[in-house]
Amino acid sequence: MDFKENFIERYSSLTDFEEFEKAISKHLQKSIRINTLKVSVKELKSRISGLNQIPWCREGFYIERKETAVGNLKEHFLGYFYVQEAASMIPALILNPKENDLVLDMSAAPGSKTTQMAAMMKNTGGIIANDIKWDRIKALSMNLQRCGVSNTAITIYKGENFPSIKFDKILLDAPCSGTGTIQKSPDTLKIYNPGMIKKLGYQQRRLILKAYSLLKDNGTLVYSTCSLEPEENEEVIDYLLEKTDAKLEKAHLKNLKSSPAILKFGQKKYNSEIKKCLRIWPQDNNTEGFFVAKIKKKI
């Protein structure tokens, strides 16, 4: 991969760059999540060969297929599984929506996490799946239908303009630079620049403030990105803690490896509570990079 000099310099200050480069040069394992709204884990395992358990997700499996592309399998068209990157399964698991919760998926398309939460809730309670563009809404709608989701309504709002409805739980998988996805999307390196990161960070701060304002008392907000940039992750959470009464809870999943959150970057020092967040580098689990924060609105 062709790394820009400023990228190497920045990432060398954040992690072991040699290990990072080695990890993103490897083949990214294809993974699926079994849709338990339509089929049991046991039944799908009997129908499809080459499945290996993802350690932190009971319904998640790595899959190796040579004879037929995963997306062309009959079971995919039937909605028995969703092709979803292993790290992408983490935010919904951390949020852990229950059967009668009212949930907002603030940036939902194309629907991987919405369908995951609907399955976790057994199609009970209610989910509002929001996104901003009609073409993304179309993909979201198709995936909800394919997966048999019936507890979800779709809305189209800019996240920061979402109506003042109160939710038990909110997932904000924020629009981001996608620097955690370089392993499968090397072109991300071509458009990488600090100006883009700064602009996205501003948008993410607005979105998280709005999301927090929509929580009921004792509600839970999970903020996540597939970015590895401190300005899009730790700095956004630091801003929320500074501007509100938000409290962080430890984000943790059994058998998931993670790295320490960034508490100091350049001249900036972040709130020490941010150590409770999950920072996942590609070299930790041979997955995409991800950041996840679990936020509570205490009475």
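Cut-offs and rules
Residues numbered from 1 in each chain as written. Predicted model: local features only at pLDDT ≥ 70, side-chain atom pairs only at ≥ 80, totals over all residues. Heavy atoms only, no water. Helix = DSSP H or I, 4+ residues; strand = E, 2+ residues; numbered from the N terminus. Rg over C-alpha atoms; globule rule 2.2 N^0.38 Å. Buried < 20%, exposed > 50% of the residue type's maximum accessible area, 1.4 Å probe, protein only. Contact = heavy atoms within 4.5 Å. Salt bridge = Lys/Arg side-chain N within 4 Å of Asp/Glu carboxyl O.

A. Inspection of the overall build of the protein at higher detail. Tallying secondary structure elements over the protein gives 11 helices and 14 strands in all. A globule of 299 residues ought to have a C-alpha radius of gyration of about 19 Å, and the protein, at 19 Å, matches this closely. Burial status across the protein gives 56% buried among its 299 residues. In the protein, the proportion of contacts linking residues at least 24 apart, taken out of those at least 6 apart, comes to 76%.

B. View of the pattern of salt bridges. Scanning the model with the defined rule gives 19 salt bridges in all. The salt bridge partner of Arg 10 is Glu 229, with a shortest N-O separation of 2.6 Å. Highlighted residues: Arg 10 in helix H1 (residues 5-12) and Glu 229 in the loop between strand E9 (215-225) and helix H10 (234-243), separated in sequence by 219 residues. The shortest N-O distance in the salt bridge between Glu 59 and Arg 58 comes to 3.2 Å. Within this structure, Arg 10, Glu 229 and Glu 231 form a network of salt bridges that share partners.

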